[in-house]
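Observations on the model geometry
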Amino acid sequence: MDGPLFAHPSEREFARILDFYRIAWQYEPRSFILHEQDGQVSEMFTPDFYLPDLDLYLELTTMRQRLVTKKNRKLRRLQELYPEINIRLLYKRDVYELLAKYGYHPAEVEPPQFDELLREAKHILFPERQVRETVRRLGMELSGDYADRHPLLVGVLKGVTFFLADLIRQMPIELEIDFMAISQLGTRGGSAVRIVKDLEQDIAGRHVVLVEDIVDTGLTLRFLLGYLAQRQPASLEVCTLVDKQPRRLVDVPIRYVGFQVGDEFLVGYGLDFRRRYRNLPFLSALKPETYRADATAEPGPYTSAQAR
Ligand code: IMP
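Worth saying up front: this structure is predicted, and the values here are computed from it rather than measured. (Residues numbered from 1 in each chain as written. Predicted model: local features only at pLDDT ≥ 70, side-chain atom pairs only at ≥ 80, totals over all residues. Heavy atoms only, no water.)

**As for helix α6 (residues 160-168)**
Within the sequence span of α6, burial applies to Val160, Phe163, Leu164 and Leu167. Along the axis of α6, the buried positions cluster into a sector of 95 degrees, meaning they face one direction only. Looking at the packing, one finds that the buried side of α6 touches α5 (128-146), β8 (152-156), β9 (176-182), β11 (207-215) and β12 (235-243). (Buried < 20%, exposed > 50% of the residue type's maximum accessible area, 1.4 Å probe, protein only. Helix = DSSP H or I, 4+ residues; strand = E, 2+ residues; numbered from the N terminus. Arc of directions from axis to C-beta. Contact = heavy atoms within 4.5 Å.)

**Points about the site of the ligand**
Around the ligand sit 17 residues, and of these Asp216, Thr217, Thr220, Lys244 and Leu266 come closest. Taking threonine 220, its side chain carries an N or O atom lying 2.4 Å from an oxygen atom of the ligand. When the free accessible area of the ligand is taken as 490 Å², the share hidden by the protein chains comes to 97%. Secondary structure elements with two or more residues in the shell around the ligand: β11 and α7 (219-229). Per-element accounting of the shell around the ligand gives the leading share, four residues, to β11. Split by residue class, the shell around the ligand holds six nonpolar, four polar and seven charged. (Near = heavy atom within 4 Å. Polar contact = N/O pair within 3.5 Å; in protein donor to acceptor, adjacent residues only side chain to side chain. Areas by Shrake-Rupley, 256 points an atom, 1.4 Å probe, with all protein chains shown as cover. Nonpolar A, V, L, I, M, F, W, Y, C, P; charged D, E, K, R; others polar.)

**Structural notes on the sheet that holds strand β6 (residues 87-90)**
Within a beta sheet, neighbouring strands are joined by backbone hydrogen bonds and run either parallel or antiparallel to one another. Strand order in the open sheet formed by four strands is β1-β4-β5-β6, and the pairing between neighbours is mixed. Bordering the open sheet on either side are β1 (26-27) and β6, each of which pairs with just one other strand. The pairing of strand β5 (residues 56-60) with β6 spans four bridges and is classified as parallel. If you follow leucine 58 over to β6, its bridge partner there is arginine 88. Strand contacts of helix α1 (residues 9-20): β1, β4 (49-51), β5 and β6, with the helix running at about 10 degrees to β4, the strand carrying the most contacts. (Pairing = 2+ DSSP bridges. Axes fitted to C-alpha atoms, helices over the stretch in contact; angles between N-to-C directions.)

**Remarks on the packing of α5 against α6**
Two numbers describe how α5 lies on α6: the axes approach to 9 Å, and their chain directions differ by 60 degrees. In terms of orientation, α5 and α6 fall into the oblique class. In terms of crossing hand, the pair formed by α5 and α6 is right-handed. Across the interface between the two elements, Val135, Leu138, Gly139 and Leu142 from α5 touch Phe163, Asp166 and Leu167 from α6. (Parallel < 35°, antiparallel > 145°, perpendicular 65-115°, else oblique. Left-handed = near helix turned anticlockwise from the far one by under 90°.)

**Examining the environment of aspartate 48**
Inspection of the secondary structure puts aspartate 48 in the loop between β3 (40-45) and β4. With a relative accessible area of 4%, aspartate 48 lands in the buried category. Aspartate 48 sits 13 residues away from threonine 61 along the chain, and the two C-alpha atoms are 9.3 Å apart. When neighbours within four sequence positions are excluded, aspartate 48 is seen to be in contact with Glu11, Gln26, Tyr27, Glu28, Leu58, Glu59 and Leu60.

**Remarks on the sheet that holds strand β15 (residues 283-286)**
Ordered by their spatial adjacency, three strands build an open sheet running β7-β15-β14, and the pairing between neighbours is antiparallel. Since the sheet does not close on itself, it has two edges, and those belong to β7 (121-126) and β14 (266-267), each with one partner. With four bridges joining them, β7 and β15 adopt antiparallel strand pairing. Bridge assignment links isoleucine 124 to a residue of β15, and that residue is serine 284.

**Things to note about the side chain of arginine 248**
Among the structural elements, arginine 248 can be located in the loop between β12 and β13 (256-260). Its relative accessible area of 16% is what places arginine 248 among the buried residues. At a separation of 2.5 Å, a polar atom in the side chain of arginine 248 contacts the side chain of aspartate 243.

**Comments concerning the side chain of aspartate 216**
You can see aspartate 216 is positioned in the loop between β11 and α7. At 2.6 Å, the side chain of aspartate 216 forms a polar contact with the side chain of arginine 247.

**Some points on the packing of aromatic side chains**
Counting across every chain of the model gives 13 aromatic pairs. With centroids separated by 5.0 Å and ring planes inclined at 90 degrees, the aromatic side chains of phenylalanine 20 and tyrosine 21 adopt a geometry described as edge-to-face. With relative accessibility at 61%, the residue phenylalanine 20 sits in the exposed group. We classify tyrosine 21 as partly exposed; its relative accessible area is 43%. On the basis of an interplanar angle of 35 degrees and a centroid distance of 4.4 Å, the ring pair of tyrosine 50 and tyrosine 57 is categorised as tilted. Here the two residues tyrosine 50 and tyrosine 57 agree in accessibility, since each one is buried. One aromatic cluster in this structure is built from Phe6, Phe14, Trp25, Tyr27 and Phe49. (Phe/Tyr/Trp six-rings, centres within 6.5 Å; stacked < 30°, edge-to-face > 60°.)

Shown next, in the form of structure tokens:
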């Protein structure tokens, strides 16, 4: 959508509310001179909005109290100099109450920009909103299936923590969580995969859902399912955020899948490449050059066990 370049996101949201009510508006159409010295303008004031039908200027203030005081002073000066001008100051609280009333988020919270980290990524595969929607869908599915079964959701550290934390907040049922960690290929003493952090509780007779961030070859999952099945849970199912089916080496039963992807290396939302990128709030594909470029320093993502 083309439109003015708003100085603050809350102004953009406010303009949408005005649009909704078909109230015509202009953004910063006029600047008022407040002080002049020797023919030079030394202070100006440009209200944020003008509503021509109401002949009203509006100034939105979402700033700290100290700056509000300064703005108030300017506004008083404007009213002295231009008594015919109708202007109202909307305070932070007023603006947010209005925005909240119409279902907007507190617009002051701008999402952090991850441009620097993203330089090495290929493209955003699943943006934040899509991840949120998918996690919500999985949460609802699981809640329906496990409503009266008091499930135990088991996450495998570390990548899954992001997904698991968001997932259970979409599950309004009685549940518990626990974590396991397994050794990585290529680390010292790592000639065979083993459990380095075990569950804290007995799972015999429990309804267990193994929650994974991503299933690739399926080897990790196969090992974990074998381990958990020995402990005789009442039921054992798998929920993964991402399923990389084309790279599967062993068949593993996965009941709940968020996204199906092809043969790409993904980072973000907990997934890492050499311990980096976990903090990206979306899922992104990594450029093959990125992991090939330093393949001499460490094995590539597919030749080492992926850093979990
Ligand atoms: P699998 O044993 O090959 O299925 O691999 C499972 C583990 O490898 C996952 O739990 C991840 O930690 C890691 N992994 C596999 N593919 C990716 C990826 O595309 N990005 C990040 N980590 C991955």
